[in-house]
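# Structural characterization, general
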Amino acid sequence: MTKKAAKSKTTGKPTAATPPPTRTTTEQSLRDLQKAMEGKNFANTAEANTFLQALLASGLAESLLDNVPLSFKDEAQELAFDAMEADDDAQAMKLAKRALRKDPDCVDALVVLAEIESDSPRKLIASLQHAVAAGERSLGAKFIEENKGDFWSIIETRPYMRALEQLAGLLRAEGINLDAIRHYEKMHALNPNDNQGVRDPLLGLYLATDNLEGARNLLQRYKNDSMANFAWGRVLERFLADDLLGASAALSKARKANRFVELYLGGKKGPPKHLPEMYSMGSEEEAILCVDNLAAAWAAHENAVLWLHDQIEQASAPTKKAPAIGTRKKPRAK
């Protein structure tokens, strides 16, 4: 149940005040609403939406849920949500272990324990692989195949998708690029809408591994993506395709999308210790996230970096002002 000022359903302890919504609490709310609507035979989507709006307006969703018995799997997920929002590792571990006693394949609980207990990237990778396997086992191969293409809209898939994203990101950070690509591609196939934004690191990995076909397909699929990551990715893709005119044209567009990126790629600024949590289009925060996705790809191609340095020097060089027509200087008198 979503955390509230009264009592937590799993811990039974009162909370001081209603906390601001997080991704976890938002997902809990969506699960709650879905459970309140179970067993209702709606004639169409409009009828279901009408019921949902009336439920929200009346404030009856909470009382309805109090009468809905939770399965062990549901109880485990509630405990996992509380573990993810816990104030310290000891409490998080306690809640996660309680969740796993109810459902050994509870993915979020497995991830919580993996993050607390792993003392090296290698161990964390192994634990996340175990969590991903548990998610696939819990969802079932038939369910995964039948719902491919619209995965994120089904609330039950999200713990699995989160674990998959975390595993792919860690593999990328450790330079295990081909395995990272394989997981990102799986996520992309399951959810082409890309609610998790995996196309950004995937583009960087394609370019880092010289998979230009993969990069082009991704750039084409999201050709209307106007964010910095794809704009600067296009620059490198055109350079690697030996299309210098195209690379120069792409560079001009990329600078308009985000002028801060070349400061980092060109070595004028160093990356911060921590990635920003929020950004806006064209901001330096967006540039930092873009560079995080693409820096390894640029670094893997020294000629591209040298070319970019030349472009930066040319752009910063002062331009000589040509004399105006009809203003030729007269020779000095002897």
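Small disclaimer: the values here were computed from a predicted structure and weren't measured. (Residues numbered from 1 in each chain as written. Predicted model: local features only at pLDDT ≥ 70, side-chain atom pairs only at ≥ 80, totals over all residues. Heavy atoms only, no water.)

Here we come to the packing of aromatic side chains. Under the definition given, this model contains four aromatic pairs. Between Phe-151 and Tyr-160, the aromatic rings sit 6.4 Å apart at their centres with planes inclined by 70 degrees, giving edge-to-face as the arrangement. The residues Phe-151 and Tyr-160 share a single accessibility class, namely buried. Consider the rings of Tyr-222 and Phe-230, whose centres lie 6.3 Å apart with planes at 80 degrees: the pair is edge-to-face. For the residue pair Tyr-222 and Phe-230, the accessibility class agrees, reading buried in each case. For the cation-ring pair, Arg-199 lies above Tyr-222, with the distance from its terminal atom to the ring centre recorded as 4.3 Å. (Phe/Tyr/Trp six-rings, centres within 6.5 Å; stacked < 30°, edge-to-face > 60°. Buried < 20%, exposed > 50% of the residue type's maximum accessible area, 1.4 Å probe, protein only. Lys NZ or Arg CZ within 6 Å of the ring centre and 35° of its normal.)

The next point concerns the packing of helix 4 (residues 72-84) against helix 6 (residues 107-117). Between helix 4 and helix 6, the least distance of the axes is 8 Å, while the angle of their chain directions is 30 degrees. Like other packed secondary-structure pairs, helix 4 and helix 6 cross with a definite hand, here left-handed. Residues Gln-77, Ala-80, Phe-81, Ala-83 and Met-84 of helix 4 form the contact with helix 6, whose own contacting residues are Asp-108, Ala-109 and Val-112. Residues that form the contact of helix 4 with helix 6 fall into these classes: six nonpolar, one polar and one charged. (Axes fitted to C-alpha atoms, helices over the stretch in contact; angles between N-to-C directions. Helix = DSSP H or I, 4+ residues; strand = E, 2+ residues; numbered from the N terminus. Left-handed = near helix turned anticlockwise from the far one by under 90°. Contact = heavy atoms within 4.5 Å. Nonpolar A, V, L, I, M, F, W, Y, C, P; charged D, E, K, R; others polar.)

Moving on, we get to helix 14 (residues 244-257). Spanning 14 residues, helix 14 covers 19 Å between terminal C-alpha atoms, matching the ideal 20 Å at 1.5 Å per step. Among the residues of helix 14, Gly-246, Ala-247, Ala-250, Leu-251 and Ala-254 are the ones counted as buried. In an axial view of helix 14, the angular spread of the buried residues amounts to 140 degrees, which keeps them on one side of the axis. Opposite the packed face of helix 14, turned more than 90 degrees from it, sit the exposed residues Leu-245, Lys-253 and Lys-256. (Expected span 1.5 Å × (residues − 1). Arc of directions from axis to C-beta.)

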